[in-house]
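Residue-level structure breakdown
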Amino acid sequence: MKVLSRVLLAAVVVVLTSAPALASRFIVAGADAGGGPHVVIRFDADNNGTFETISDSFYAFVPASPGAPLFTGGVRVATGDFDGDGNDELITAQGPGGNLVRVWSLTPGGKVSALREEFAPFGAFAGGIFVAAGDFDNDGRAELVTAADAGGGPFVIIWRDGNRDGRVSDEPPLAAFFAYTPGFSGGVRVAAGNVNNAGGSELITAPGPGGGPDIRVFTWNGSAFTLADEFFAYNPAFTGGVYVAAGAIENAGNGGAEIITAPGPGGGPDIRIFTDSNNNGRVSDDPLFDEFFAYTPGFTGGVRVAAGDTDGSGFFVEVVTVPGPGGGPHVRLFDDNSDPGARLSDNPTSDEFFAFDPAWGGGAFLAVGVANSAAFALNSLPIIIPDVSTVNAVICVPPGMGVIKKLEVGLGISHSFDGDLDVTMTNLSTGASLVLFHDVGGTNEGFIITLSDTAGTDIGGASNPKVDGPIVGTFKPETPATLTIFNGQPASGCWMLTITDDSGGDTGMLFDWVLYFKF
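The rules behind the values
Numbering of residues starts from 1 in each chain and follows the order in which that chain's sequence is written. This being a predicted model, a pLDDT of at least 70 is required before a residue's local features are given, and a value of 80 or more before pairs of side-chain atoms are given or counted; all residues contribute to the totals for chains, interfaces and linings. Water and hydrogen atoms were dropped before computing side-chain values, which therefore reflect all heavy atoms in the structure. Numbering of helices and strands runs from the N terminus; a helix is a DSSP stretch of H or I covering at least four residues, while a strand is a stretch of E covering at least two. Burial classification: accessible surface area is computed with a 1.4 Å probe over protein chains only, and a residue below 20% of its type maximum counts as buried, one above 50% as exposed, and the rest as partly exposed. Positive residues here are Lys and Arg, negative ones are Asp and Glu, while His and the chain termini are left out of the count. What makes a salt bridge here is a side-chain nitrogen of Lys or Arg within 4 Å of a carboxyl oxygen of Asp or Glu, nothing more. In protein, a polar contact requires one atom able to donate a hydrogen and another able to accept it; more generally it is a pair of N or O atoms within 3.5 Å, and residues adjacent in sequence count only if both atoms are side-chain atoms. Contacts are residue-level and defined by heavy atoms, with any inter-residue pair within 4.5 Å sufficient. Two cysteine sulfurs form what is called a disulfide whenever their separation falls within 2.5 Å. Any pair of Phe, Tyr and Trp rings, taking the six-membered ring for Trp, is counted once the centres come within 6.5 Å. Such a pair is stacked with planes under 30 degrees apart, edge-to-face with planes over 60 apart, and tilted for the rest. A ring has a charge above it when a Lys NZ or an Arg CZ is no more than 6 Å from the ring centre and no more than 35 degrees off the ring normal. A pair of strands is considered paired only if DSSP assigns at least 2 bridges between the two. With axes taken as lines fitted to C-alpha atoms, and helix axes fitted only over the stretch in contact, angles between N-to-C directions fall between 0 and 180 degrees. Surface patches are drawn from residues lacking salt bridges whose relative accessible area is over 30%; two like charges belong together within 9 Å, two nonpolar side chains (Val, Leu, Ile, Met, Phe, Trp, Tyr) within 5 Å. Throughout, the Shrake-Rupley method with a 1.4 Å probe supplies accessible areas, and for residues the shown protein chains are the sole cover considered. Within this scheme, the nonpolar core is defined by two criteria: the residues are buried Ala, Val, Leu, Ile, Met, Phe, Trp, Tyr or Cys, and they are joined through side-chain atoms within 4.5 Å.

Description of the side chain of Asp-88
Topologically, Asp-88 is positioned in the loop between strand E4 (75–80) and strand E5 (89–94). Within the buried core, Asp-88 has no salt-bridge partner, and the shortest N-O distance to an opposite charge, that of Arg-116, equals 10 Å. Within polar-contact distance, the side chain of Asp-88 engages the backbone nitrogen of Asp-81 at 3.3 Å. Excluding residues within four positions of it along the chain, Asp-88 makes contact with Thr-79, Gly-80, Asp-81, Leu-106, Val-368, Gly-369 and Val-370.

Here it is, written out as structure tokens:
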């Protein structure tokens, strides 16, 4: 029989946890030919827009057998969220002499955690591969773009994980086509971005050496990629090849992605930015938005370019550059952060560093990645919930986590009478507090639940038909509570879970508590 208590005892248990630092933004550099298949990842550990910490350094392609020579054709890199979890995966592709693409999982701390898949998109062709990623079909998951380098024809294949098994290579491609005249043999460089601001990415291509600076933009229409725009990024007579990137630059164009170009060898370090200022879905009929030299004007080794949200704005990108052969691995970040105008060219660089040993002059390739979600769990468990008591547990989220866009809460509680419990969560950094639920479940025994504002059922009405069974599933917090009260607040800092047993005769324990953030 249930015995009601007249006195509420206070038993406070404070449990601090540490969690690995999250690199919500990182820059990946892959060494060009001659440097070994070396990849270095740098991240912004203190969330200040500079990338001072090396989170990982590894060889993307290792010999199949001991004693075999290292691959020296260079590594091209890209990032994309192929599984829709908000965190980018890393793509590495072999340069000339190789035919392999690898896709890696990354931890929120910017470290490679596992090889997801390896495949040869062009079979035995070993002239090298360029890679990119974009969500062309607008389903919330990126597709992987592979493009043949010199000697392979201007052939592009777009791969997707249609069966949701975590791989793109085990099913037919989304599309495959020649981006230029099939007889062109200089290779194709690729990028992706929502240029027309109409939903879904566009595919952007640029020829390698010998092809002229002919930039093409293709849109997915549901069954094929169709040519949507075309223009010359530089003097049509320039045949050194072009590198491309894309992303939305603040205060530019129609709110969609700008196209950023950099010339190959012989063209000088001339970065150009093209935008759709008249909002007609094309950049070719608009004035050049911005132009600047990323390095000394006399440098003619070419520039490789990337774009990404390096300062945590959540949407707008910065331009990241590195020289080609002969220039050293000198990475520079360009942002419009010092004046009221919209151009990048009249601002100092926002960060600079050497991706590899400064003496390395073989060139490099770049990608910018982001981790938009993270989970932090209480480490010191279980915590006993005595009868007629209050216990507190604390998770301390490390600095650099960014601003909350969505928060979900996982809870595992065992208890011999659910109706005794009141559960509250507080962001100690801001003082915001929310009663997740109180006195729900009656005679049910325990909770194995996720609380989410997007769930279909309120926890206040949840139950298990088995009288002594736990409540299991995903629920909304008890009305009128909503986790949106934490949106816009910093995730970093300490969070407290308070559990009160307000009636006598039963005990329990907290055996799981997880905070799931999206940034």
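On we go from here.
A short note on the state of the cysteines
The full count for this structure, using the stated rule, is 1 disulfide. The disulfide bridge from Cys-396 ends at Cys-494, spanning 2.0 Å between sulfur atoms. Taking the torsion about the S-S bond as the criterion, the Cys-396 to Cys-494 disulfide, at about 95 degrees, is right-handed. Taken together, the positions of Cys-396 in strand E27 (residues 390–397) and Cys-494 in strand E33 (residues 493–501) put the pair 98 residues apart, joining distant regions of the chain.

Brief notes about the packing of aromatic side chains
Scanning the model with the defined rule gives 21 aromatic pairs in all. On the numbers, 6.3 Å between centres and 65 degrees between planes, the contact of Phe-130 with Tyr-243 is edge-to-face. With Phe-130 in strand E8 (residues 129–134) and Tyr-243 in strand E16 (residues 242–247), this residue pair connects regions lying 113 residues apart in the sequence. Between the aromatic rings of Phe-130 and Phe-365, the centroid separation amounts to 6.0 Å while the plane-to-plane angle is 75 degrees, which identifies the pairing as edge-to-face. Of this pair, Phe-130 sits in strand E8 while Phe-365 sits in strand E24 (residues 364–370), placing them 235 residues apart in sequence. An aromatic cluster of three or more residues is present, and its members are Phe-136, Phe-177, Phe-218, Trp-220 and Phe-225. A cation over an aromatic ring shows up here: Arg-304 above the ring of Phe-365, its NZ or CZ 4.2 Å from the ring centre.

Section: the sheet that holds strand E6 (residues 101–106)
Here we have 4 strands laid out as an open sheet, ordered E4-E5-E6-E7, and antiparallel in their pairing. Every interior strand has two partners, whereas the edge strands, E4 and strand E7 (112–119), have only one. Sheet twist, expressed as the average angle between the axes of neighbouring strands with direction ignored, equals 25 degrees.

A word on a nonpolar patch on the surface
On the surface, a cluster of nonpolar side chains totalling about 270 Å² of accessible area is made up of Tyr-59, Val-62 and Leu-70. Position of Leu-70 relative to the elements: it lies in the loop between strand E3 (53–59) and E4.

A word on the nonpolar core
Ranked by size, the top nonpolar core spans 54 residues in total, and within it Leu-90, Ile-158, Leu-203 and Phe-225 carry the most contacts. Look past the residues within four positions of Phe-225 in its chain and what remains in contact with it is Phe-136, Ile-158, Leu-174, Ala-175, Phe-177, Leu-203, Phe-218, Thr-219 and Trp-220. Judged by nonpolar contacts, the second largest core, of 41 residues, contains Leu-421, Leu-434, Leu-436 and Ile-471.

Looking at the environment of Gly-152
Assignment of secondary structure puts Gly-152 in the loop between strand E9 (143–148) and strand E10 (155–159). By relative accessible area, Gly-152 is classed as partly exposed at 28%.

Observations regarding the sheet that holds strand E18 (residues 270–274)
Pairing within the open sheet is antiparallel, and its 4 strands lie in the order E16-E17-E18-E19. The open sheet has two edge strands, E16 and strand E19 (290–293), and neither has a second partner. On average, adjacent strands in this sheet sit at an angle of 20 degrees to one another, irrespective of strand direction. Here E16 pairs with strand E17 (residues 258–263) via 6 bridges, running antiparallel. Each residue of the ladder has a partner; that of Val-244, found in E17, is Thr-261.

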